[in-house]
Amino acid sequence: MVKKLKDLKRDRIDFGRARIEPLFQRIFIPTLLSMVFASFYTVADGIFVGQGVGSDALAAINIVAPVFLMTTGIALMFGAGVSVVASIHLAQGNNKAADINITQALVVASLLMVAVAVAIYVWRIPFLRLLGCSDTLMPLALDYLLLILPGCVFIISQMIGTFVIRLDGSPKFAASLEVVPGILNILLDWLFVFPLQMGVGGSALASTLSCAVASAMVGWYMFYGAKNVRLRRLKLSLTSLYLTARNIGYMARSGFSSMLGELAMSMILLAGNYVFIHELGEDGVAAFSVACYLYPIVFMVNNAVAQSAQPIISFNHGAGNSARVREAFRISLRTAVVCGLLATAVLVVGAKPLVGLFLHAGTRPYELAIAGLPLFAASAIFFALNVCIIGYYQAVEQNTRATVYMLLRGLVFLVPAFILMPMLAVPQGLWLAVPASECLTLAVVLFSRPSSRAAVK
């Protein structure tokens, strides 16, 4: 028992006293590797579908993709929210409150996702029409949607569990929640799409089974491997339900900007699908889908920066240590700039080989994607800084500001950009809508308030 306690003390991450840069790196490296790997197995999914089923299948998945992003948005809202709230409770020594918040987040988010999945299933045809699905793509979109919906429920516990486990001082196990299911997903994708010839539905089934494994891993950790947090039985009295609703509301406000980040990605897909299919047909959506498969890598890398800084910033914010908060923010900003520049360079220089992974050379979707991807890549550096700064405001409980900035990049600037940019040139304007939206958002973030600039110093 004594040895076990010593081991736990040795492995525990000290958010309040450890040097910031090594502490950030200790969290960032496994978080980055896990998120990049998660992105790569998403890319592998697109490669298998594009090469094994065809460009229409890629377009169909792109139509359904907002469902997946809505799911991850709900998970990020509760995961980021409970991470901020629980970090502050732990900093103040109130472990029981942190445990209750974690349990509430997992239970309520899972029930919410079940209700959403049932509603989508019941109204699946009009729902796909709303997403812009054409008659040509409808059968493929239905095959994918019906098999991905159960996986959406498992994603909730997987993603919230990742936040909680990282907060508990186990970043390597949190990383394994992406790596292990990711390897399984790649293997199942190949098996279902090629040898078993299950088409686009096979790709969805592979994702669902992989998410189920990740959810089971979260369950094992919470019951048998946790160091400082644990699940608690929730009471069903009126007072307890009221307190649960109050806590959920606070967590939702804290994590709302994170959900808006995923909804912004959904809006990119939704608005992009509408304008691409209107201007260029199904071939245009297939070309756009390549950018949508690659862009999550950029998102995941920069989300890793924000999520790695978040527990450090939130813990020290709760402890009243503003100097450590500022230092963690400066380190995350430098990291975000490097990641954004690298992402832009890779997408521009490697456009041809990257597009060739998904689409056959010489086809119209291939040519459209080759011409458009370097233009789309201009958004990476602006996106990196936006995510980092918004993550900082979220971590220090400036939720209104974080929410406003997310709305700017995900709706206020994005939708008009998709409407107006194609008027300048087609197809170049279609690809430049996202960079324009991210650039305008960063300008507002940097110059709207003096405290925004002060935080960067």
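Residues numbered from 1 in each chain as written. Predicted model: local features only at pLDDT ≥ 70, side-chain atom pairs only at ≥ 80, totals over all residues. Heavy atoms only, no water.

Draft legend 1. Examining the overall build of the chain more closely. When helices and strands are counted, the chain shows 17 helices and zero strands. Taking the principal axes of its C-alpha atoms as reference, the chain extends roughly 65 × 50 × 40 Å. Sequence separation of at least 24 residues holds for 81% of the intrachain contacts in the chain that already meet a minimum separation of 6. Put simply, the chain shows about 18,500 Å² of open surface, and 69% of that area lies on carbon and sulfur atoms. Side chains of the chain give 32 positive and 20 negative charges; the mean places of these two sets differ by 17 Å. (Helix = DSSP H or I, 4+ residues; strand = E, 2+ residues; numbered from the N terminus. Contact = heavy atoms within 4.5 Å. Areas by Shrake-Rupley, 256 points an atom, 1.4 Å probe, with all protein chains shown as cover. Lys, Arg positive; Asp, Glu negative; His and termini not counted. Charge placed at Lys NZ, Arg CZ, Asp CG, Glu CD.)

Draft legend 2. Looking closely at the packing of aromatic side chains. Going through the model one piece at a time under the given rule, you end up with 15 aromatic pairs. Between W220 and Y224 the ring centres are 6.5 Å apart and the planes differ by 40 degrees, which places this aromatic pair in the tilted class. Taken together, the residues W220 and Y224, both in helix α8 (residues 199-225) and four residues apart, mark about one turn of the helix. Here W220 falls in the partly exposed class, since its relative accessible area comes to 46%. Note on Y224: relative accessible area 66%, which makes it exposed. Geometrically, the ring pair formed by F288 and W431 is edge-to-face, given 6.3 Å between the ring centres and 65 degrees between the ring planes. Residue F288 is located in helix α9 (residues 238-319), and its partner W431 is located in helix α16 (residues 428-447); the two are separated by 143 residues in the primary sequence. Ring pairing ties together the aromatic residues F276, F288, Y295, F376, F383 and W431, which thus form one cluster. Against the face of Y393 rests R401, its NZ or CZ located 4.7 Å from the ring centre. (Phe/Tyr/Trp six-rings, centres within 6.5 Å; stacked < 30°, edge-to-face > 60°. Buried < 20%, exposed > 50% of the residue type's maximum accessible area, 1.4 Å probe, protein only. Lys NZ or Arg CZ within 6 Å of the ring centre and 35° of its normal.)

Draft legend 3. Geometry of the side chain of R401. Within the fold, R401 resides in helix α14 (residues 399-412). Taking relative accessible area as the criterion, R401 reaches 15% and is therefore assigned buried. Among the polar contacts made by the side chain of R401, one reaches the side chain of Y393 at a distance of 3.3 Å. (Polar contact = N/O pair within 3.5 Å; in protein donor to acceptor, adjacent residues only side chain to side chain.)

Draft legend 4. The arrangement of the environment of P365 in detail. Its location among the elements puts P365 in helix α12 (residues 364-376). Look at P365 and you get buried, because its relative accessible area is 6%. Here the alpha-carbon distance between P365 and V355, two residues ten residues apart in the chain, equals 9.5 Å. Contacts of P365, omitting those with residues within four sequence positions, involve S55, D283, A286, A287 and L359.

Draft legend 5. Looking closely at the side chain of S134. Here S134 shows up in the loop between α5 (124-130) and α6 (138-167). By relative accessible area, S134 is classed as buried at 15%. Once you skip the residues sitting within four places of it in the chain, S134 turns out to touch R129, I277 and E282.

Draft legend 6. Inspection of the nonpolar core at higher detail. With 150 residues, the main nonpolar core has V67, L128, L294 and I313 as its most contacted residues. In terms of residues, this core owes the most to one element, α9, which gives 33 residues. Every residue in contact with L294, bar those within four places of it in the chain, is listed here: V43, L347, L354, F358 and L373. (Core = buried A, V, L, I, M, F, W, Y, C linked by side-chain atoms within 4.5 Å.)

Draft legend 7. Here's a closer look at the confidence of the model for the chain. For the chain, the mean per-residue pLDDT works out to 84, and 94% of the residues sit at or above 70. Note that pLDDT drops below 50 for residues 1-11; the model gives that stretch four contacts with residues more than four away or on any other chain. A low-confidence stretch, residues 450-457 (pLDDT under 50), is modelled with 14 contacts involving residues beyond four sequence positions or located in other chains. (pLDDT = per-residue confidence, 0-100.)

Draft legend 8. Fine view of the pattern of salt bridges. In total, this model carries three salt bridges according to the counting rule given. A salt bridge links R129 to D135; its shortest N-O distance comes to 2.7 Å. Between R409 and E438 there is a salt bridge whose closest N-O contact spans 2.6 Å. One end of the pair, R409, is in helix α14; the other, E438, is in helix α16, with 29 residues separating them in the sequence. (Salt bridge = Lys/Arg side-chain N within 4 Å of Asp/Glu carboxyl O.)

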